[in-house]
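Architecture and fold: a report
Next come the chains, spelled out residue by residue.
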Amino acid sequence: MFRRFLKAFLVLVSLVGPVVPAMAADAGPTMFGYVDVAGALAFHPLMAKLAVREGRFELSALGPQGAQDRKSLQLEMEVRRQKLSRRQLEAQKAIEALDQSFQNDLQEIADLQARLNALPPAARTPLLNEYNRKKGIIDRKYWKQRTDLQADLKLANHDLEQLSQENATLHLTTMEETQKAFKLMLDDVYEAIEAVTAHYKVSFVFNSSFSLDRTPGNPAFTPENPMAGFFGQTLEGNAEDVLYKHGKDGRPPLFMTFRYWTGTQRIAFRNCFDPRLDKMFIKGGVNMTPAVVDFVYQKYKVDKSHGEVIQKFLEAEAKNR
């Protein structure tokens, strides 16, 4: 479905104006341009510091003052661990106490059950109705409370497991710090987009990687990050030789390595929550959504105050996309 949409969109682009050539510095004014934001991000110098398996960065990616002091972070984690452990223990004890209370409640209607069993089937109806009513009250009370306690225990267990994973990756950025690193890189990419857009005199720019899927196809697979090795080596020969020839150690051509790297973006970017990564419309164009909603509201005679609130929301959403 996406391919059909993109094909139709590009046909429209070709009718209105040419797409910006990659290297045509002297190109004339154009209407449309596109940027592979995910591709630009994949080759950002700071991507050399991404630990793909954990989806986090080396602390140096944030600069000398960018990461939180690890000693204070360890103390915070220990406080959180103690609170979660107490919560876990309290939930376990509460479940045990509730189970015992349930057995006691059942014991209170044991005599009623014994009397019911002693009666012939034809005479059980009145007593059976009373037994079912009391048993239903006990069951409903028990299972509601137990479900709530089990949910609380499950959440405490999950949070403890997450905390353990956080502790094991203290040498890397936290999730919050990871977002800062991605923000720094996307700031760079979007600053460059502004400069290149002005250079080419492009009035409308869209993101050709807007359909990026951040869900790994195989979560157990961890691709190699080639960027650290690339930036860390001294390149010999011209760019074409470096890109297409096999390495001295028998490694495949760098072209294949880069093709593989850009093909694993869904894994590399799984922890990037910045909406600019897969924002379709980068610059220019007319957002017609508010006008469409206003047209519908006029048809249904929605009052002005409600319409204005929705318009403000749509305007704010457009700025954040």
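As a starting point, this report considers the structure included with it. (Residues numbered from 1 in each chain as written. Predicted model: local features only at pLDDT ≥ 70, side-chain atom pairs only at ≥ 80, totals over all residues. Heavy atoms only, no water.)

Attention shifts here to the overall build of the protein. Counting secondary structure elements, the protein contains 12 helices and five strands. Across the 321 residues that make up the protein, the buried fraction comes to 31%. By sequence separation, contacts in the protein at least 24 residues apart represent 80% of the contacts at least 6 residues apart. Accessible area for the protein stands at about 21,100 Å²; split by element, carbon and sulfur atoms hold 58% of it. (Helix = DSSP H or I, 4+ residues; strand = E, 2+ residues; numbered from the N terminus. Buried < 20%, exposed > 50% of the residue type's maximum accessible area, 1.4 Å probe, protein only. Contact = heavy atoms within 4.5 Å. Areas by Shrake-Rupley, 256 points an atom, 1.4 Å probe, with all protein chains shown as cover.)

It is worth spelling out unusual backbone geometry at this point. Backbone geometry places K201, a non-glycine residue, at a positive phi of 60°. Topologically, K201 is positioned in the loop between α6 (175-200) and β4 (202-207). With a relative accessible area of 55%, K201 lands in the exposed category. Notably, K301 is not glycine yet its phi reads approximately 55°, a positive angle. For K301, the location among the structural elements is in the loop between α11 (289-299) and α12 (304-320).

Per the counting criterion, the structure on display carries 16 salt bridges. A salt bridge links R146 to D99; its shortest N-O distance comes to 2.9 Å. Residue R146 is located in helix α5 (residues 125-168), and its partner D99 is located in helix α3 (residues 70-108); the two are separated by 47 residues in the primary sequence. Looking at R146, the relative accessible area reads 17%, which means it is buried. Classification of D99 by relative accessible area gives partly exposed; the value is 23%. Note that D274 and R276 form a salt bridge whose closest N and O atoms lie 2.9 Å from each other. Comparing D274 with R276, the two get one shared label, buried. (Salt bridge = Lys/Arg side-chain N within 4 Å of Asp/Glu carboxyl O.)

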